[in-house]
Amino acid sequence: MDQVIIRTGADIAHLPELDQKLWVALACPTRGIEFDTRTLDLIDTDHDGRIRPPELLAACAWACSMVRDPEELAQPSDVLMLDALADTDEGRALAAQARRILELAGRTDATSIDLATVSQRSEVLSEMRFNGDGVVSTETAADDALARQTIRWIMQLQGEAKAVDDQPAGVDRERAEAFFAQVRKLRQWSDGARSATAHLPLGEGTVDAALALNAVRSKIDDFYARARLAAYDLRAASALNPSKEEYAAMAEGDLALSSKAMAALPVAPVSPIGPTTSLPLLRGVNPAWAKALATFQHKAVAPLLGDGKDTLNEAEWQQLQEALAPAQQWLADKPATPLAAIEGDKAFAEVLHGDAEQRVMALIDQDEAEKTHNDHTLALERLLRFKRDLLRLLNNFVSFSAFYQREGAVFQAGTLYLDARSCDLTVQVADAAKHAKLAGLAKTYLAYCDCVRTDPKKGVQKQSIVAAFTAGDVDFLFIGRNGVFYDRKGRDWDATITKLIENPTSIAQAFFSPYKKFLRMIEEQVAKRAAASDSRVEKSLGSTATTLANTNLNAPAAAAAPAPETPRRTDVGTVAAIGVALGSISAVLVGVFAKFVDMGPWIPLALLGIVLAISGPSMLIAWLKLRQRSLGPILDASGWAINGRMRINTRLGSSLSQTAHVPPNARRMLDDPFAESHGGAWALALGAAALAGLAYAAWQFNLF
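Predicted, not measured: the structure shown is a model, and the values here were computed from it.

J.: So what about the pairing of strand β1 (residues 25–29)? Which residues, and what values?
T.: The element β1 is extensively covered by neighbouring structure, given that 4 of its 5 residues are classed as buried. By the bridge criterion, 2 bridges tie β1 to strand β14 (residues 641–642) in an arrangement that is antiparallel. In the strand pairing of β14, A27 is matched with A641. When β1 meets strand β2 (residues 50–51), the two strands line up antiparallel, connected through 2 bridges. Paired with P29 across the two strands is R50, which belongs to β2.

So this is what it looks like as structure tokens:
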């Protein structure tokens, strides 16, 4: 297919004018390819893990707008001259930030800035207390205990905000403002409730007393209902109190005051011998409710009924409810917020009525004050990475010139050495089974391999690749065969074939394929017959051995020695029939051979015709498949969107899979001490040729 040539800055600047139907690829993944992942992430603005034409065009347009001359982008380098930045507001801001970074690095006289310096500054900035990412964590609060606790609660209720790089998560302005809006709403209600209840007997403590009453209301109502039923009939008392069986069932497991089974028991037992008139508040109560009853006694009973009051009769219970009834309306008007989960914490009062909001928002303000410098530093890093990598990406996306010029495309994972050849067309795969469903349409011989290596620091590493075998024979490629894979960084991996997709690799391989298959079939049939014969012999020997082992040695000799069988006579008719058949076959073979010899100078054409009849169909099928051999399905299965047919012709295929060649100045040692002797085979061949010659002579002289 037609491919554009992208060489100059003008080509990059005018890329939007190129019809996207002429682009080789329309999408590529940001992982699994040999390209700087940080650069890809900066281009992938929607962070979906894929690069598409709009994102690539936006990157080109932004990079061209940041430099005076787009030709800077056509000279790949991670160094940028400061005077090459555009004379615009944003360009001047980047230049000022570059000089600031150089000044902090002690290079005030430098006229250029490099990616390493900017990256180092970014790392230092990200590790600073205020790094400009707009996120503050508990570490940012340092020794301010209230701010630290408030940030924890904001993260708990509003969720975490991710910080840059590997910095701890925290909260941003949006989350903090949402949290403190709820705090202000609750504070407004609390202040109104306290002012409205100031004239009541307990004053500001009325709301706390009402909350303590509400916490135990249901259990106290349950207690007096049971007491009334027992007063009606004492026989009901035993049924109203927990039974021994219930206690036994609870005793079988681990007991805890917070367990549901214990909390479900009555708050106090009902007397089985007389009416129960009072509820104990501090002693003899359900342990699961002891703390709530003590709070109720401290905040409501003692202030309203007297300090020494540790029991409560039903009349006093009604009196308390009536005294605290005015506060119940304020409790009903309490706004529902997620803060209910933390209201019981003592430190929350400082958040509700203290200056926690001012402290946390001040931290966020200080962090955001560095945001401008952080954004300009990030823009510098982005521009330097685009200057270094953008042209290479275009030649692996808009066109595949890097692949067809054998410069190493970004999708090529490395080189596989296996079966005396090297395969340069290797692609990383995440799921071999899923990949093979689509990659099989490439009409290419593919071998899926699992690769393993051990790194001293990272331990065992694994990856899967697919390698295209585009030259040489495939007779000894099979599942389980091992090789060595070298990735683009030069690291070696143990590679093992796990799956094969068979297709012809060349016309020559297809030419010999029928003969190899025929010989393989003969070998298999001979092996099967030999195995069957060996099995019969072993079975016969086993039967004979068993008979001999079980023979009675004390039996009479006459019984032990069976009478000799009468030898069978050979049927003369059978022998004659075999002779006639062999003679007929010989006559036919001699006749065919004679006709063949009579062709004279046409014999080579006849031999060629026989060869074509055998190898022709295989070669035709191979030719058709080789014409359809394509790179597209292999990449599509790996997450690319290939826009056209990326053919792999025979010449390109032979360069992608290279077979072994002896070095030019090497000498072969022809003396092999272990060479096999073929004298018998040669003698047999000469004998067959002599018999054929005699048969032809006999035919010519009409001897039979």
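J.: Go over the packing of aromatic side chains with me, naming the residues and quoting the values.
T.: Tallied over the entire structure, the rule returns 13 aromatic pairs. Ring geometry for F296 versus W317: centroids 6.0 Å apart, planes at 75°, classification edge-to-face. Residue F296 is found in helix α12 (residues 290–305), and its partner W317 is found in helix α13 (residues 314–332); the two are separated by 21 residues along the sequence. Residue classification places F296 among the buried residues on the basis of a relative accessible area of 0%.

J.: Which residues make up the sheet that holds β2, and what are the values?
T.: With antiparallel pairing, 3 strands are arranged side by side in an open sheet as β2-β1-β14. Both edges of this open sheet fall to β2 and β14, since each of them pairs with a single strand only.

J.: Give a detailed account of the packing of helix α3 (residues 53–65) against helix α16 (residues 371–394), specifying residues and quantitative values.
T.: The contact between α3 and α16 brings their axes to 10 Å, and the two run at 120°. Comparing the axis directions of α3 and α16 gives the class oblique. Remark: the crossing between α3 and α16 carries left-handed chirality. Residues L56, A59, C60, W62 and A63 of α3 lie in contact with α16, whose contacting residues are A379, R382, L383, F386, L390, L393 and L394. Here the residues of the contact of α3 with α16 are counted per class, giving 11 nonpolar, no polar and 1 charged.

J.: So what about the pattern of salt bridges? Which residues, and what values?
T.: Evaluation of the coordinates by the stated rule reveals 31 salt bridges. Taking the shortest distance from any N to any O, the salt bridge between R184 and E357 comes out at 2.6 Å. Within this pair, whereas R184 is found in helix α7 (residues 173–196), its partner E357 is found in helix α15 (residues 356–369), the two being separated by 173 residues in sequence. The exposure class assigned to R184 is partly exposed, which follows from its relative accessible area of 37%.

Basis of the calculations
Residues numbered from 1 in each chain as written. Predicted model: local features only at pLDDT ≥ 70, side-chain atom pairs only at ≥ 80, totals over all residues. Heavy atoms only, no water. Buried < 20%, exposed > 50% of the residue type's maximum accessible area, 1.4 Å probe, protein only. Helix = DSSP H or I, 4+ residues; strand = E, 2+ residues; numbered from the N terminus. Pairing = 2+ DSSP bridges. Phe/Tyr/Trp six-rings, centres within 6.5 Å; stacked < 30°, edge-to-face > 60°. Axes fitted to C-alpha atoms, helices over the stretch in contact; angles between N-to-C directions. Parallel < 35°, antiparallel > 145°, perpendicular 65-115°, else oblique. Left-handed = near helix turned anticlockwise from the far one by under 90°. Contact = heavy atoms within 4.5 Å. Nonpolar A, V, L, I, M, F, W, Y, C, P; charged D, E, K, R; others polar. Salt bridge = Lys/Arg side-chain N within 4 Å of Asp/Glu carboxyl O.

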